[in-house]
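Overview (structure and organization)
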Amino acid sequence: MGMSVDGLMPGMATRAELNQLQDAQGVEADALFMQLMIPHHRAGVVMAEAAAQQAKTEIARNLAQGMANAQQTEIEYMQQLLQEKGYEPVPDEPPMEMGGQ
């Protein structure tokens with residue numbers, strides 16, 4: 001898809017972040033999990049939308065777009081849950097660039 005293959009894929013948690021999550025408990029663990037998953041899902045949305053645009057068949061295009069839609073719905077739900085638990089929503093980030101488009 002034209003993305004760099006160096007380092008972590010976009011949206012992937014670092015070892016330090018995973019260690020922090022492992023050490024967290026209760027509501028703090030819930031919030032940290034969602035704070036890590038939201039960027040992960042955002043990267044998934046970008047990749048799935050790119051796949052939908054590049055798909056050669058309708059079934060592949062529909063599958064990829066369905067994945068993007070599902071991930072976006074989950075992002076919105078996790079943002080809501082964060083706020084209900086007293087945490088700020090994860091701020092929007094600049095969209096990930098997909099090379100080769």
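Everything below is about the structure shown above.
For the rest of this paragraph, the subject is the overall build of the protein. Check the secondary structure of the protein and you find 3 helices and 0 strands. Listed by position from the N terminus, the elements making up the protein come as α-α-α. Expressed as a percentage of the 101 residues in the protein, the buried residues total 27%. Considering only residue pairs separated by 6 or more positions, the protein has 70% of its internal contacts joining residues 24 or more positions apart. Carbon and sulfur atoms make up 54% of the accessible area of the protein, which amounts to about 6900 Å² in all.

Once that is clear, we can look at the pattern of salt bridges. Counted by the stated rule, this structure contains 2 salt bridges. The partner of Asp92 in a salt bridge is Arg42, with the nearest N and O atoms 3.1 Å apart. Taken as a pair, Asp92 in the segment after helix H3 (58-84) and Arg42 in helix H2 (residues 26-54) lie far apart in primary sequence, 50 residues in all.

A few words on the side chain of Gln79. Among the structural elements, Gln79 can be located in helix H3. What makes Gln79 buried here is its relative accessible area of 13%. In contact with Gln79, not counting residues within four places along its chain, are Ile38, Arg42, Pro89 and Val90.

Looking now at the nonpolar core. Counting 10 residues, the largest nonpolar core is built from Ala31, Met34, Ile38, Val45, Ala48, Ala68, Ile75, Met78, Leu82 and Val90. Residue assignment for this core shows that the elements contributing at least two residues are H2 and H3. Looking at which element gives the most residues to this core, the answer is H2, with 5 residues. For Met34, the residues in contact, after removing those within four places along its chain, are Met78, Leu81, Leu82 and Lys85.

A word on the packing of helix H1 (residues 15-23) against H2. At a closest axis distance of 9 Å, the pairing of H1 and H2 adopts a crossing angle of 155 degrees. Between H1 and H2, the interaxial angle falls into the category roughly antiparallel. H1 and H2 meet at a crossing whose hand is left-handed. Residues Glu17, Gln20 and Leu21 of H1 touch H2, and the partners they reach there are Ala29, Leu32, Phe33 and Leu36. The residue makeup of the contact of H1 with H2, split by class, is 5 nonpolar, 1 polar and 1 charged.

It is at 8 Å that the axes of H2 and H3 come closest, and there the two elements cross at 155 degrees. Taken together, the axes of H2 and H3 lie roughly antiparallel to each other. As H2 runs across H3, the sense of the crossing is left-handed.

Analysis parameters
Residues numbered from 1 in each chain as written. Predicted model: local features only at pLDDT ≥ 70, side-chain atom pairs only at ≥ 80, totals over all residues. Heavy atoms only, no water. Helix = DSSP H or I, 4+ residues; strand = E, 2+ residues; numbered from the N terminus. Buried < 20%, exposed > 50% of the residue type's maximum accessible area, 1.4 Å probe, protein only. Contact = heavy atoms within 4.5 Å. Areas by Shrake-Rupley, 256 points an atom, 1.4 Å probe, with all protein chains shown as cover. Salt bridge = Lys/Arg side-chain N within 4 Å of Asp/Glu carboxyl O. Core = buried A, V, L, I, M, F, W, Y, C linked by side-chain atoms within 4.5 Å. Axes fitted to C-alpha atoms, helices over the stretch in contact; angles between N-to-C directions. Parallel < 35°, antiparallel > 145°, perpendicular 65-115°, else oblique. Left-handed = near helix turned anticlockwise from the far one by under 90°. Nonpolar A, V, L, I, M, F, W, Y, C, P; charged D, E, K, R; others polar.

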